[in-house]
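The primary structure of each chain is shown beneath.
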Amino acid sequence: MVSLSHPQPLPERVVLLAGGVGGARLGHGLQAILGRGLTIVVNTGDDLERHGLLVSPDHDTVMYTLAGLDNREWGWGLAGETFANAEMLERYGEETWFRLGDRDLATHVVRTRRLRAGDRPTEVALDLQRALGVRAAILPMADTPVRTQVLTDDGWLEFQDYFVRRHQAPDVLDLRFEGIEEATATPEVLAAFEAAEAIVIGPSNPFVSVRPILAVAGIEAALQTARTRGVPVVAVSGIVGGKAIKGPADRMLRSLGHEATALGVARQYTGIADVFVLDQVDEALAPEVEALGLNPVVADTLMTDDPARERAARVVLEAAAEARHVGRPGERT
Ligand code: FO1
């Protein structure tokens, strides 16, 4: 058990691995404390093309959240969004099951124009973020396309077809990341890991948000190299009381043969994380998390509003500071 007895100086340069909503909320709390010291490596496996435009849902969810523009009701998209364009697209017979709001559309128009002009996705992403006043850096996990697909009884489905169009109804029996063989960590991602004083794995889905990031050539190696340098890796459970805060992670854990608990998530991070933050409702699981070789930290992890986001972020940073202090990380587990 990590005792938060005497406060250690908090890490100032932090890398957060994030998927959608859960990772975005923790990132928002971390940015409030770290500002430009925060770099978020975001999953791009959920990306898709709609109406000829490239949409990057996890990146955009994180960007809007860190810009303070996020739609708090849905967890994705923009606050105050309207859908006049979607209504017109429907009149033309376009499929609008993946609904692009009028303001959100500007993001995809600018992104697509610049990609067609030959700009790198990372440069485009950083410019979009700066325009919205985001202080952290949100880096795509790779600059080449990766597309997550899930195997169901209806065969292999593109991620958003499964997630949105079919409302996550089918059980997920397997995963694959199309294009992952060609994907390599960008110079910006590698530089962020080299400079990191702590690495955080957000409360995102371990399979479709975190695993694609770690599958990009060079990223898991960069994480492990940082660990041997004494940089702690702190993972946060997205499963609380056996339920996913948002999305299908609990069902996916079960359908992929794991237990849908914080312990089931912790098992995904053995050999990767040094500390595992679980919610107070799951306190009884702490000894079993410790038995996996992860230092359990029990805290209130529900990020219902901005102060809660910052509180959760501070817990994570204090746990990292403590872990770095006791020289825990880097021990070959
Ligand atoms: N989620 C939905 O459930 N329905 C939608 O129509 C939808 C549209 C959408 C448009 C842009 C965007 O960035 C995200 C959008 N999402 C929608 C959420 C998205 O499917 C998820 O946030 C991520 O892919 C999961 O991390």
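Bear in mind the structure is a predicted one, so any value in this text is a computation, not a measurement. (Residues numbered from 1 in each chain as written. Predicted model: local features only at pLDDT ≥ 70, side-chain atom pairs only at ≥ 80, totals over all residues. Heavy atoms only, no water.)

Visitor: If you had to explain the pattern of salt bridges to someone new, which residues and values would you point to?
Guide: Counted by the stated rule, this structure contains 20 salt bridges. As a salt-bridge pair, Arg 114 and Asp 127 come within 2.7 Å of each other at their nearest N and O atoms. With a gap of 13 residues between them, Arg 114 in helix 4 (residues 102-116) and Asp 127 in helix 5 (residues 121-131) connect regions that are remote in the sequence. Judged by relative accessible area, Asp 127 falls into the partly exposed class, the value being 33%. (Salt bridge = Lys/Arg side-chain N within 4 Å of Asp/Glu carboxyl O. Helix = DSSP H or I, 4+ residues; strand = E, 2+ residues; numbered from the N terminus. Buried < 20%, exposed > 50% of the residue type's maximum accessible area, 1.4 Å probe, protein only.)

Visitor: Now, about the site of the ligand: what can you tell me, with residues and values included?
Guide: In the region of the ligand, 14 residues are neighbours, and Pro 57, Asp 58, Phe 98, Arg 99 and Gln 160 sit closest. Arg 99 is positioned with one of its backbone polar atoms (N or O) 3.0 Å from an oxygen atom of the ligand. At 2.6 Å, a side-chain N or O of Gln 160 approaches an oxygen atom of the ligand. Among the elements of the structure, helix 2 (57-66) and helix 6 (159-165) are those that each provide at least two residues to the shell around the ligand. Per-class residue counts for the shell around the ligand are 7 nonpolar, 3 polar and 4 charged. (Near = heavy atom within 4 Å. Polar contact = N/O pair within 3.5 Å; in protein donor to acceptor, adjacent residues only side chain to side chain. Nonpolar A, V, L, I, M, F, W, Y, C, P; charged D, E, K, R; others polar.)

Visitor: Lay out helix 4 with the relevant residues and their values.
Guide: For helix 4, with 15 residues, the first-to-last C-alpha span of 21 Å sits near the 21 Å given by 1.5 Å per residue. By the burial criterion, the buried members of helix 4 are Asp 104, Leu 105, Thr 107, His 108, Arg 111, Thr 112 and Arg 114. (Expected span 1.5 Å × (residues − 1).)

Visitor: Which residues make up the side chain of Arg 111, and what values do they have?
Guide: Following the sequence through the fold, Arg 111 ends up in helix 4. Leave out the neighbours within four places in its chain, and Arg 111 touches Leu 54, Val 55, Ser 56, His 59, Asp 60, Val 124 and Leu 128. (Contact = heavy atoms within 4.5 Å.)

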